[in-house]
Amino acid sequence: MSNNGILNLQQMAAHYAIEDIFGACLVYFHSASGNSASMLTFSGRISFYEVLLVKKGRMEVCVGDNNITLQAGDLLLLTPFQPVVTRPTDTHTEVEGLLIETHFYAGLRSIDRETDVMMPTVITHSNLVFHLDHHQTSSFIELLHQIKQVVRQPHLYKLEILQSLVHVCLLFITELPYDNSLLTHDFKHKENIFKIFIHLAHSNFRKERQIRFYADKLNMTTTYLSRTVREISGTTIYDHLALLTYNEACTLLRTSDLTIGEIADSLHFNDISAFTNFFKSRAGISPLSYRNRE
């Protein structure tokens, strides 16, 4: 592609027929040299930030006066308004990455004011490209795929989840010059996930007490969500949901005229027996005994 002007994020996405775009804020892309819209050949300037990971093959990149050959595992950082020329040198070249609009990018500082996640404003050869080992590459690709899934699906907290995930990506990058190991845990990111889980739990615990429901809402695996909730709170997802259910049962037994069966139905237990067993495991007495005592 040849363009003498400066492309904004939406123009770039439209030109390469990229569908994974969140408003005018964020784009996930995945391209191979065999694709009709590969993003591998470009000449011009961009008005956004770009993070590009070479998954396979090789490509040549010229950024200002820097001429670089990228290969599998190389992570390229591009900041706005630099002259950029790219071209693949391998027929099997494949890249994956993000385009990040400047206002969205700048807003990430509000997530954690004590952590500077900003990429350098002046790019030199030394901070333009980082080489990732196999483990780092796999972990970074997993982050990119989480972002892709959130972009594709409707979420009540889509903006917040995307901000948190991109924040993790940038923390990953800022660690690279100082430590050759991947930053695998971002406490603030996990804290945000926990806060959203708690909100979802309060809204849905009466009907949904399966981990899969909440993991799907947050677009992550049940294992990751379970580990995150335990790490932040010290207790399990089941414990959180069970406590909400028990407290609601106690409230209904004390303050309502609903029968035990009706309370069991309202909390979506299969039958009175299942509700009674659950309640006795928490209170030490049956629901009826609790109501009579209260």
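Undergrad: Is there a simple way to explain the overall build of the chain in this structure?
TA: Counting its secondary structure elements, the chain contains 12 helices and 11 strands. Burial statistics for the chain: of 294 residues in total, 49% are counted as buried. Across the chain, the fraction of contacts at a sequence separation of at least 24, relative to all contacts at a separation of at least 6, is 68%. Summed over its atoms, the accessible surface of the chain is roughly 14500 Å², and 49% of this surface lies on carbon and sulfur atoms.

Undergrad: Quick question: what am I supposed to make of empty space enclosed by the protein here?
TA: Using the criterion set out here, one finds 2 cavities of 30 Å³ or more in the structure. One number sums up the size of the largest cavity: a volume of about 80 Å³. For the largest cavity, the full set of lining residues is Met12, Met39, Phe42, Ile46, Glu50, Leu52, Leu76, Leu78, Val84 and Thr86. Counting only elements with at least two residues in the lining of the largest cavity, the list comes to strand E4 (42–46), strand E5 (49–56), strand E8 (74–78) and strand E9 (83–88). Its residues placed into classes, the lining of the largest cavity shows 8 nonpolar, 1 polar and 1 charged. The volume enclosed by the second largest cavity comes to roughly 60 Å³. For the lining of the second largest cavity, the secondary structure elements donating two or more residues are helix H4 (134–152), helix H5 (158–175) and helix H6 (187–204).

Undergrad: Would you mind going over the packing of aromatic side chains with me for this structure?
TA: Two numbers describe a pair of aromatic rings. These are the distance of the centres and the angle of the planes. Under the defined criterion, the tally for this structure stands at 9 aromatic pairs. Consider the rings of Phe197 and Tyr214, whose centres lie 5.5 Å apart with planes at 80 degrees: the pair is edge-to-face. Of this pair, Phe197 sits in helix H6 while Tyr214 sits in helix H7 (residues 211–218), placing them 17 residues apart in sequence. Residue Phe197 is classed as buried on the basis of its relative accessible area, which comes to 0%. The interplanar angle of 85 degrees and the centroid separation of 4.9 Å between the aromatic rings of Phe213 and Tyr214 together place this pair among those described as edge-to-face.

Undergrad: Help me understand the side chain of Thr86 in this model?
TA: Following the sequence through the fold, Thr86 ends up in strand E9. A polar side-chain atom of Thr86 sits 3.0 Å from the main-chain carbonyl oxygen of Leu40. When residues no more than four places from it in sequence are discounted, the contact partners of Thr86 are Met39, Leu40, Thr41, Phe42, Met59, Glu60 and Val61.

Undergrad: Can you help me understand the pattern of salt bridges in this one?
TA: Working definition: two side chains of opposite charge can pair if their charged atoms are close together. One pass over the full model with this rule turns up 6 salt bridges. The salt bridge partner of Lys56 is Glu94, with a shortest N-O separation of 3.7 Å. With Lys56 in strand E5 and Glu94 in strand E10 (residues 94–100), the pair connects residues that are 38 residues apart, well separated along the chain. Assessed through its relative accessible area of 13%, Glu94 is described here as buried. With a closest N to O distance of 3.4 Å, Arg206 and Glu248 form a salt bridge. One end of the pair, Arg206, is in the loop between H6 and H7; the other, Glu248, is in helix H9 (residues 237–255), with 42 residues separating them in the sequence.

Undergrad: Even after reading the chapter, I still don't get the environment of Asp271, so can you show me in this structure?
TA: Positionally, Asp271 belongs in the loop between helix H10 (260–266) and helix H11 (272–283). Residue Asp271 is classed as partly exposed on the basis of its relative accessible area of 39%. In this structure the C-alpha to C-alpha distance between Asp271 and Gly261, which are 10 residues apart in sequence, comes to 7.4 Å. One polar contact links the side chain of Asp271 to the main-chain amide nitrogen of Ser273, over a distance of 3.2 Å.

Undergrad: Would you mind showing me how to read the nonpolar core here?
TA: Most often, soluble globular proteins keep nonpolar side chains buried together rather than apart. Within the largest apolar cluster, 52 residues are counted, with the highest numbers of intra-cluster contacts made by Leu75, Ile100, Phe140, Ile147, Tyr214, Leu218 and Leu225. When residues in this core are grouped by element, the largest group, 9 residues, is from H5. If we skip the residues at most four places from it in the chain, Leu75 touches Val51, Leu52, Leu53, Leu128, Val129, Phe130, Leu132, Phe140, Phe172, Ile173 and Leu176. One finds Val27, Val63, Ile68 and Leu70 within the second-largest nonpolar core, a separate group that totals 27 residues.

About the criteria used
- Residues numbered from 1 in each chain as written.
- Predicted model: local features only at pLDDT ≥ 70, side-chain atom pairs only at ≥ 80, totals over all residues.
- Heavy atoms only, no water.
- Helix = DSSP H or I, 4+ residues; strand = E, 2+ residues; numbered from the N terminus.
- Buried < 20%, exposed > 50% of the residue type's maximum accessible area, 1.4 Å probe, protein only.
- Contact = heavy atoms within 4.5 Å.
- Areas by Shrake-Rupley, 256 points an atom, 1.4 Å probe, with all protein chains shown as cover.
- 1 Å grid on protein atoms, 1.4 Å probe; cavity = no way out; pocket = protein on both sides within 12 Å on 5 of 7 lines; lining within 4 Å.
- Points joined across faces, edges and corners; volume = space filled by probe spheres on them.
- Nonpolar A, V, L, I, M, F, W, Y, C, P; charged D, E, K, R; others polar.
- Phe/Tyr/Trp six-rings, centres within 6.5 Å; stacked < 30°, edge-to-face > 60°.
- Polar contact = N/O pair within 3.5 Å; in protein donor to acceptor, adjacent residues only side chain to side chain.
- Salt bridge = Lys/Arg side-chain N within 4 Å of Asp/Glu carboxyl O.
- Core = buried A, V, L, I, M, F, W, Y, C linked by side-chain atoms within 4.5 Å.

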